[in-house]
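# Topology and contacts: notes
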Amino acid sequence: MKHVPTAVPVPISSGEHVVRSACPHDCPDTCAMLVTVKDGVATKVRGDPTHPTTQGTLCTKVSRYLERTYHPERLLYPMRRIGPKGPGQGRWERISWDEALDTIATRFKAIAAVDPQGILPYSYSGTLGLVHNFGMPRRFFHKLGASQPERVLCSTAGRAGYNAVIGAQIGTDIAHFADAKLIVLWGTNPIASSVHLWMRIAEARRKGAQVIAIDPYRSLSAEKADWHLALKPGTDGALAYGVMHVLIRDGLVDRDYVDRHTLGYAPLAARAAEFTPEIVAGITGLAAADIERLARTYGADRATAIRMNFGLQRHAGGANAVRAIACLPALIGAWREAAGGILLDQAGAHAIDFAALDGRHLLPDPARPPRSVNMAQIGRALTTLDDPPIQALFVYISNPVAVAPDNALLRRGLSRPDLFTVVHEIFLTDTCDYADIVLPATTQLEQFDIHRGYGTLYAVVNHPAIAPIGEACSNAELFRRLAARMGYDDACLQESDEDVARQAHDLGATVNASFDFDALKRTGWQRLDVAERYAPFADGGFPTPSGKCEFASESVLRQGGTLLPEFIPPRESELGDPELARRYPLMLLTPPARHFLNSSFSSIDSLVREVGEPWVEIHPDDATARSITAGDRVRVYNDRGAFTVDARVTDKVRRGVLVAPSIWWLKKSSDGENSNAVTSDALTDLGRGATYYDTAVEVACFDGMSRP
Ligand SMILES: Nc1nc2c(c(=O)[nH]1)N[C@H]1C(S)=C(S)[C@@H](COP(=O)(O)OP(=O)(O)OC[C@H]3O[C@@H](n4cnc5c(=O)[nH]c(N)nc54)[C@H](O)[C@@H]3O)O[C@H]1N2
Ligand SMILES: Nc1nc2c(c(=O)[nH]1)N[C@H]1C(S)=C(S)[C@@H](COP(=O)(O)OP(=O)(O)OC[C@H]3O[C@@H](n4cnc5c(=O)[nH]c(N)nc54)[C@H](O)[C@@H]3O)O[C@H]1N2
Ligand SMILES: [Mo]
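One structure accompanies this document, and this report is about it.

So, how was this worked out
Along each chain, numbering runs from 1 in the same order as the chain's sequence is written. The naming scheme follows written order: chains are lettered A onward, ligands numbered 1 onward. With the structure being a predicted model, the display of local features is reserved for residues of pLDDT at least 70 and the display and counting of side-chain atom pairs for 80 or more, all residues being used for whole-chain, interface and lining totals. As a convention, hydrogens and water are excluded, and side-chain values are obtained from all of the structure's heavy atoms. Residues grouped as a nonpolar core are buried Ala, Val, Leu, Ile, Met, Phe, Trp, Tyr and Cys residues, joined through side-chain atoms within 4.5 Å. Relative accessibility thresholds used throughout: buried, under 20% of the residue-type maximum; exposed, over 50%; partly exposed, between the two (1.4 Å probe, protein chains only). The helix and strand labels rest on DSSP assignments: H or I over at least four residues marks a helix, E over at least two residues marks a strand, and numbering proceeds from the N terminus. In this analysis, two residues are considered to be in contact whenever any of their non-hydrogen atoms come within 4.5 Å of each other. Pairing between strands is defined by DSSP: at least two bridges between the two strands are required. With axes taken as lines fitted to C-alpha atoms, and helix axes fitted only over the stretch in contact, angles between N-to-C directions fall between 0 and 180 degrees. Being near a molecule or strand, for a residue, means having at least one of its heavy atoms within 4 Å of it. Side-chain atoms alone can form a polar contact between residues adjacent in sequence; in general such a contact is a pair of N or O atoms within 3.5 Å, and within protein one must be able to donate a hydrogen while the other accepts it. Throughout, the Shrake-Rupley method with a 1.4 Å probe supplies accessible areas, and for residues the shown protein chains are the sole cover considered. Each residue is assigned to one of three groups, with Ala, Val, Leu, Ile, Met, Phe, Trp, Tyr, Cys and Pro labelled nonpolar, Asp, Glu, Lys and Arg labelled charged, and all others, Gly among them, labelled polar. Per the annotation, domain bounds derive from an automatic or database assignment of domains.

### As for the nonpolar core
Counting 111 residues, the largest nonpolar core has Trp 186 and Met 308 as the members making the most contacts within it. When residues in this core are grouped by element, the largest group, eight residues, is from helix H8 (residues 236-249). In this view, Met 308 contacts Tyr 162, Trp 186, Val 322, Ile 325, Ile 342, Leu 343 and Leu 344; residues no more than four positions away in its chain are not counted. By size, the runner-up hydrophobic cluster in this structure holds 48 residues, among which are Leu 101, Phe 134, Met 136 and Met 486.

In structure tokens form, the structure reads like this:
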């Protein structure tokens, strides 16, 4: 293994020691943390200075991890709901773990006796630990034969689009962004959502690199960029084709790279010929001259790195937009450079034995897997699904009432009196308000796990720093206990956290050959077995069916998609649905707030104080047209629902676009709603992903009535 870190000296004062830990959250950086513990109490968290990604720095949120761990509102005991379902306080009764587990097991056995698919686990990204997310809980639900959640809230569209071209989730190493000459931030705001990448970008800028941001919103990062192109939301696929048009027309293509390492150049070029700068200007709202300039700047140097994140794929055509953008580096031969190429995510660089982790062999009939239920359409599933209907929902590491689209429909579903809902949580979230039983979960400081950095080339270990608080128990321990109650005797349902973790990288003699679990435990992190100068496709070798970068994809075609990337306009827009756009002429974007992590940390007092009340940003022209002035309470609404926020009038947003940073808890908002009251549960073109940012709305001053 290369780059094995030297052990950090462990400072010892009386009764004090340092524990190696990993940030568990859904963020591409996956930081290594050091936790100082004195007399059994964690007193300090800091970034590991030796970990190349973290470089000793934690983000705004995770630097408050102790406030989260020792928060007075932590859920400490199992509880049973004694009042009606729905938001409210004080309708809980403490019960023992025995009673909680017996109640769940009795209910599950009764449902499973008829059809276990009546039970649905709902889990997402509260922790991305290989043990507590991908391991023991999934084993339990496989053994049960429960319906499987189709985990689409974040990334499946982009991954489908990227994989169509590149073949796997492999891209440019963030470390090499520091050496790029040009960095394109395509629909991502790393200052808020991936600060350790921003540290590399800042370094590149000090060395003279240019940064271009492509985003309908002048985000914190776009504000710092040398050039900001504020296109209309959901039009990136057309812009990428416009860039290709100019690159091809002006001879900026690396013909040698294209000939040797790509497939489908001729049809791609023919398609790109249709996307003249003028046509693309009409679609994107950018000037034709700017599209020309973007293409020429992009084509000028191979040491050009594009950073996409998942923001831009939350539209009806999100997968194909990513697919079109992913063609660009091969066209100019940027993959030849370690500092060139593109990064969506790096998950595919980690070889993990997911089958061993998730115990899919435990399925009652592996040849006939249970039905899957799309997590973005959970409201629909709870209110309409039949044969069998969902009779029990088990929520863990997710807060769907806050994060799932169209949450009004979801709340109707969760209010069904016959639905049995269990939520395993650290806090009494909005979702807990609908639970029959809530179970207390540990935080990362109280459990063992290992993590793969899905945006980095590192594995990171997490040792427990302190004992569980109250009667909290980890995900894995919960499902070990529940498996025993169900009478399951499979040994793999009782394995320890370390035993599960040890299997993650154990793929035989060649894959991960130099991975050393015991060394990882000692040193905290390990780099994958890849070269320092990581340039994954410098000599081609794409993990696609053809081994080439596939501009044209037969396999997507066979699966019902198109041979080439296509521009698919946003569903809720002038182009997609003119009638709807007349009634709801504004497009709402709800990207992550810097101080929150999805809906996590939205209950941490010091962060909420810094952030203030939820707000929406609106362009001065759109505000004037609606008699909205700065600071007004406004109601953002469409046919699905409404939420009330403060208006900030600013030209940071494009005309016709609203930006409401998210995700607030409903119960911490003045009207008991959040932005997902208006988002749609429609799915993306490929990958069946959520389309949060494909949301047409109107906004009006709030007059105190419930709906405008
Ligand atoms: N502080 C913080 N960090 C986070 C998170 C968080 O909640 N808070 N969430 C984490 C998670 S789960 C994820 S998936 C990532 C998300 O990471 P990103 O997707 O990079 O999220 P943002 O950084 O907000 O960047 C999204 C940007 O896309 C822009 N955008 C929206 N629609 C379009 C479009 O159609 N085209 C273009 N070009 N731009 C568009 C938005 O205006 C926004 O500025 O961040 C992770 N990091
Ligand atoms: N409007 C809008 N909605 C969005 C997005 C958006 O940009 N706009 N972004 C989407 C994206 S990118 C994502 S990834 C999803 C994220 O959606 P979720 O995965 O639901 O993320 P969180 O809101 O952070 O909720 C995670 C919950 O898990 C709990 N938790 C943390 N650790 C543990 C643990 O070890 N055990 C248990 N049992 N619980 C734990 C936390 O307390 C928290 O309440 O949201 C999506 N929703
Ligand atoms: Mo996400």
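### Quick notes on the sheet that holds strand S20 (residues 525-527)
Taken in spatial order, the three strands of this open sheet run S18-S19-S20, and their pairing is antiparallel. Edge strands, defined here as strands with exactly one partner in the open sheet, are strand S18 (449-452) and S20. Ignoring strand direction, the axes of neighbouring strands in this sheet form an average angle of 15°. As paired elements, S18 and strand S19 (residues 458-462) share four bridges and run antiparallel to each other. Counted as the bridge partner of Ile 450 is Val 461 from S19.

### Describing the pairing of strand S15 (residues 392-396)
Strand residues, when the strand is regular, have side chains that alternate between the two faces of the sheet. Most of S15 is tucked away, with five of its five residues classed as buried. Burial along S15 is two-sided: the face carrying Ala 392, Phe 394 and Tyr 396 and the face carrying Leu 393 and Val 395 are both buried. The sheet contact formed by strand S6 (residues 119-123) and S15 spans five bridges and is parallel. By the bridge assignment for S15, Leu 120 is matched with Leu 393. As paired strands, S15 and strand S16 (residues 420-425) are joined by five bridges and run parallel to one another. Following the sheet pairing, Val 395 is matched in S16 by Val 423.

### What to know about the site of ligand 2
Around ligand 2, the surrounding shell holds 31 residues, and the nearest of these are Ser 398, Glu 425, Ser 599, Ser 600 and Tyr 693. One of the side-chain nitrogen or oxygen atoms of Ser 398 is found 2.8 Å away from an oxygen atom of ligand 2. Thr 590 places a side-chain nitrogen or oxygen 2.9 Å from a nitrogen atom of ligand 2. Contact with the protein chains removes 97% of the 910 Å² of surface that ligand 2 exposes when unbound. A class-by-class count of the residues in the shell around ligand 2 yields eleven nonpolar, 16 polar and four charged. Lining the shell around ligand 2 are residues from two domains, each supplying at least three of them: domain 1 (79-152 + 352-446 + 462-500) and domain 3 (578-706).

### Side note on the site of ligand 1
The immediate surroundings of ligand 1 are formed by 33 residues, with Thr 188, Ser 193, Asp 215, Gly 311 and Phe 596 found nearest. Separating an oxygen atom of ligand 1 from a backbone N or O atom of Gly 311 is a distance of 2.6 Å. Residue Asn 598 places a main-chain N or O atom 2.7 Å away from an oxygen atom belonging to ligand 1. About the coverage of ligand 1: the protein hides 99% of its 910 Å² of free accessible area. Built from parts of two domains, the shell around ligand 1 gets at least three residues from each of domain 2 (172-343 + 538-558) and domain 3 (578-706).

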